[in-house]
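Overview (structure and organization)
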Amino acid sequence: MTTARIPPLADTGLWQAVMNAAAGRCQCRGACGKNHTKDGGRCPREHGGYNQHHGGGTVHLIAAPTEPADLLLPPHKAATLPKARLSAWCPACHDAAQRAARKTLATTTPATEPDALF
Ligand SMILES: [Zn+2]
Ligand SMILES: [Zn+2]
């Protein structure tokens, strides 16, 4: 996912507001599939910090929906969410949380109607 590198809400004051509320730190508390317990239950990545994975470089946090269901919204819809429904995410947690949300959606939405079996 190369598009995840571009903060979808970067052009609005909203991104800054979300970052301020998050103190510039990823707000993932396990939605990505890691529980982050050794980091106090919250991802330790901070905006502008050093990225230990993905080949190094600087961490660029993105403002994205807090709720897994909202994470599946297309960017133009996610951009209309109020700040209260957004969180700061590091790209690694955001991508993983989005994948997890898709998986949940796939397992909770049956591909075939139960009636089709009979
Ligand atoms: Zn994170
Ligand atoms: Zn995480």
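Details of the structure are given in the entry above.
Residues numbered from 1 in each chain as written. Chains lettered and ligands numbered in written order. Predicted model: local features only at pLDDT ≥ 70, side-chain atom pairs only at ≥ 80, totals over all residues. Heavy atoms only, no water.

1. Details of the coordination of the zinc ion (ligand 1)
At this site the zinc ion (ligand 1) is bound by Cys26 (SG), Cys43 (SG), Cys90 (SG) and Cys93 (SG), with donor distances of 2.3 to 2.4 Å. Between the 4 donor atoms coordinating the zinc ion (ligand 1), the angles at the centre fall across 101 to 115°, so the site counts as tetrahedral. A separation of 4.1 Å is found between the zinc ion (ligand 1) and the zinc ion (ligand 2), which are bridged by Cys93. Linking Cys26 in the loop between α1 (13–21) and β1 (62–65) with Cys93 in helix α4 (residues 91–108), this pair joins segments that are 67 residues apart in sequence. Each member of the pair Cys26 and Cys93 is classed as buried. (Donors = N, O, S within 2.8 Å, 3.2 Å for Na, K, Ca; no water. Tetrahedral: all angles 85-135°; square planar, octahedral: opposite > 155°, others 65-115°. Helix = DSSP H or I, 4+ residues; strand = E, 2+ residues; numbered from the N terminus. Buried < 20%, exposed > 50% of the residue type's maximum accessible area, 1.4 Å probe, protein only.)

2. What about α4?
Compared with an ideal rise of 1.5 Å per residue, which puts 18 residues at 26 Å, α4 spans 25 Å between its outermost C-alpha atoms and is within 8% of the ideal. Three or more residues of α4 are buried, namely Ala92, Cys93, His94, Asp95, Ala96, Ala97, Gln98 and Ala101. Where α4 is buried, its residues meet β1, α2 (68–71) and β2 (86–89). (Expected span 1.5 Å × (residues − 1). Contact = heavy atoms within 4.5 Å.)

3. Side note on the pairing of β2
Side chains of β2 alternate between two faces, with Leu86 and Ala88 and Ser87 and Trp89 buried alike. Examined bridge by bridge, β1 and β2 share 4 bridges and lie antiparallel to one another. What sits directly across from Ile62, in β2, is Trp89. (Pairing = 2+ DSSP bridges.)

So far we have only geometry, and geometry alone does not tell us how the molecule works.
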